[in-house]
Amino acid sequence: MHARIIGTGHYLPEKVLTNAELEQRVETSDQWIRDRTGIRERRVAADGQTTGDLAEQAARRALDAAGVDPASIDLLILGTTTPDVVFPSTACMIQKRLGLGDCGAFDVNAACSGFIYALSIATQYIEAGTIKRALVIGAETLTRMLDWNDRATCVLFGDGAGAAVLEADESAGVLSTHIHANGDYSDLLKVDVGVSRGFTEEPRGGVKIHMKGNEVFKVAVNTLGRIVDETLAHNQLDKHDLDWLIPHQANLRIIKATARKLDMSMDQVIVTVDRHGNTSAASVPMALDEAVRSGRVKRGDLMLLEAFGGGFTWGAALIRY
Ligand code: UT7
């Protein structure tokens, strides 16, 4: 039994923040941001608009595309590092809004790899025959944790949500998922404030993203190179068998390095980082939905999804669409 994707959806907040606007806030330039990251603009959630709000809209679109009754979903998993509140989980809070009944619902925090982790868990439940249908979401409001005076981070991130409905299918679907983590690197990319450590009286409790971008970059390129090899070897497939690469969207240069490693042309790579920036757990499912709705990815195509993020965490999924 495979977990087959039967519907996808994504949602972006309305407000666009351009590089030109960021030039007014910090010492940066549109040229630097485009050359070093590939980002032209990103979306920012409106005041009061939460991760759960974005996730709900993306999920509704995925459920519509799948054409299934929301009450038939057996499991809801949301990958996020920016939950609405500490608890209840954001998954629990949107479960009822979506009309999902009393299925299991929880959040997964694996930073930018959150959607791949969530997809991996849902796939195991479906392959084991425990459930028939799952709703998997990646959603973030990372701009809420940005230090708008730190040019090393504030130009990189954006808000958004993506979702996929998975269903048990005998013929095709997720062929394998691979997840990894290495806490040795926890200092390179982090928010070092939480409920049980470091919470302060500063605005937003002192919560902000810190990243040693250059060091993260090098590990990301090497690690993503290894995970794509691991995934192909596990399935006894060659890189030339792949039709599509649907990568995490942190930096166009990282994406191009992975594509080169796979000997894929950029025509076979779904790129959204130019318009979305880095949306962490939301980036892969948003790129997937764009690929599906634009008609580029077709039934029967073989696609490789991958992600890398804080922790470090990383993962991949090979999917016969
Ligand atoms: O999604 C989770 C995983 N995250 C990632 O994979 C992100 C990985 N890292 C990156 O994408 C890149 O390292 C960045 C885009 C963050 C930075 O690009 P870089 O080419 O690695 O630049 P750098 O950090 O080596 O900095 C080069 C220069 C520095 O100036 P000096 O020391 O050469 O004078 C920085 O101070 O660029 C400067 N700089 C900026 N200049 C203009 C850093 N940020 C900016 C900026 N505008 N926004």
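Since the structure is predicted, the reported quantities are computational estimates derived from the model, not experimental observations.

Colleague: Even after reading the chapter, I still don't get the site of the ligand, so can you show me in this structure?
Modeller: Inspection of the region around the ligand gives 24 residues, with T28, R36, N214, N251 and N278 positioned closest. Between the ligand and G213 there is a distance of 3.0 Å, counted from an oxygen atom to a backbone nitrogen or oxygen. One of the side-chain nitrogen or oxygen atoms of N251 is found 2.7 Å away from an oxygen atom of the ligand. Bound to the protein, the ligand loses 73% of the 950 Å² it would expose on its own. Secondary-structure elements contributing two or more residues to the shell around the ligand are helix 2 (30–37), helix 6 (151–154), helix 7 (213–234), helix 8 (252–261) and strand 12 (302–309). It is helix 7 that provides the largest number of residues to the shell around the ligand, a total of 4 residues. Within the shell around the ligand, the residues separate by chemical class into 12 nonpolar, 8 polar and 4 charged.

Colleague: Would you mind going over the environment of D30 with me for this structure?
Modeller: Tracing the chain through its elements places D30 in helix 2. For D30, a relative accessible area of 23% translates into the label partly exposed. Here D30 is in contact with N19 and E23, once residues within four sequence places are set aside. Polar contacts involving the side chain of D30 include one to the side chain of R34, which spans 2.7 Å.

Colleague: Would you take a moment to explain the packing of aromatic side chains for this structure?
Modeller: Tallied over the full model, the rule gives 3 aromatic pairs. For the pair F308 and F312, a centre-to-centre distance of 4.7 Å together with 50 degrees between the ring planes defines the contact as tilted. The class of F308 is buried, set by a relative accessible area of 5%. Given a relative accessible area of 1%, F312 falls into the buried group. Cluster of aromatic residues (ring-pair linked, three or more members): Y185, F308, F312 and W314. In this structure, R25 is placed above the aromatic ring of W148, and the distance from its NZ or CZ to the ring centre is 4.7 Å.

Colleague: What exactly am I supposed to notice about the pattern of salt bridges here?
Modeller: If charged atoms from side chains of opposite charge come close, those side chains can pair. Counting across every chain of the model gives 15 salt bridges. For R34, the salt bridge is made with D30, and the minimal N-O distance between the two is 2.7 Å. Of this pair, R34 and D30 both sit in helix 2, 4 residues apart, roughly one helical turn. Residue R34 is classed as partly exposed on the basis of its relative accessible area, which comes to 35%. Between K190 and D187 there is a salt bridge, with its nearest N and O atoms 3.2 Å apart. By relative accessible area, D187 is classed as partly exposed at 49%. Residues joined in a network through salt bridges with shared partners are R40, D274, R275 and E290.

Colleague: Can you help me understand the nonpolar core in this one?
Modeller: Nonpolar side chains in soluble globular proteins generally cluster together in the buried interior. In terms of nonpolar packing, the biggest core is built from 41 residues, with I209, L242, L245, L262, L304, F308 and F312 touching the most fellow members. Taken together, the elements giving at least two residues each to this core come down to helix 7, helix 8, strand 12 and strand 13 (313–320). Element by element, the count of residues in this core is highest for helix 7, at 7 residues. Leaving out residues up to four positions away in the same chain, L304 has contacts with V228, T231, L242, W244, L245, I246, L262, A316, A317 and L318. Counting residues in hydrophobic clusters, the runner-up holds 33 residues, among them A3, A110, I270 and A287.

Colleague: Please clarify how the sheet that holds strand 7 (residues 159–169) should be interpreted in this entry.
Modeller: Pairing between sheet strands relies on hydrogen bonds along the backbone, with the strands arranged either parallel or antiparallel. Judged by pairing direction, the sheet is mixed, and its 5 strands sit side by side in the order 1-7-6-4-5 without closing on themselves. Pairing within the sheet leaves two strands with one partner each, and these edge strands are strand 1 (2–11) and strand 5 (104–108). Neighbouring strand axes in the sheet, compared pairwise and without regard to direction, differ in orientation by 20 degrees on average. Pairing of strand 6 (residues 133–141) with strand 7 involves 9 bridges; the strand directions are antiparallel. Looking at the pairing, A134 lines up with L166 of strand 7. Strand contacts of helix 3 (residues 51–66): strand 1, strand 4 (75–79), strand 6 and strand 7, with the helix running at about 125 degrees to strand 1, the strand carrying the most contacts. The sheet contacts of helix 5 (residues 114–127) involve strand 1, strand 4, strand 5, strand 6 and strand 7, and relative to strand 6 the element is tilted by about 170 degrees.

Colleague: Just to check I follow, could you spell out the sheet that holds strand 8 (residues 174–181) for this structure?
Modeller: Strands sit in the order 8-13-12-11 across an open sheet of 4 strands; the sheet is mixed. For this open sheet the edge positions go to strand 8 and strand 11 (244–247), each flanked by a neighbour on one side alone. In this sheet, adjacent strand axes meet at a mean angle of 10 degrees when their direction is disregarded. Examined bridge by bridge, strand 11 and strand 12 share 4 bridges and lie parallel to one another. Counterpart to W244 in the pairing with strand 12 is M303.

Definitions and cut-offs
- Residues numbered from 1 in each chain as written.
- Predicted model: local features only at pLDDT ≥ 70, side-chain atom pairs only at ≥ 80, totals over all residues.
- Heavy atoms only, no water.
- Near = heavy atom within 4 Å.
- Polar contact = N/O pair within 3.5 Å; in protein donor to acceptor, adjacent residues only side chain to side chain.
- Areas by Shrake-Rupley, 256 points an atom, 1.4 Å probe, with all protein chains shown as cover.
- Helix = DSSP H or I, 4+ residues; strand = E, 2+ residues; numbered from the N terminus.
- Nonpolar A, V, L, I, M, F, W, Y, C, P; charged D, E, K, R; others polar.
- Buried < 20%, exposed > 50% of the residue type's maximum accessible area, 1.4 Å probe, protein only.
- Contact = heavy atoms within 4.5 Å.
- Phe/Tyr/Trp six-rings, centres within 6.5 Å; stacked < 30°, edge-to-face > 60°.
- Lys NZ or Arg CZ within 6 Å of the ring centre and 35° of its normal.
- Salt bridge = Lys/Arg side-chain N within 4 Å of Asp/Glu carboxyl O.
- Core = buried A, V, L, I, M, F, W, Y, C linked by side-chain atoms within 4.5 Å.
- Pairing = 2+ DSSP bridges.
- Axes fitted to C-alpha atoms, helices over the stretch in contact; angles between N-to-C directions.

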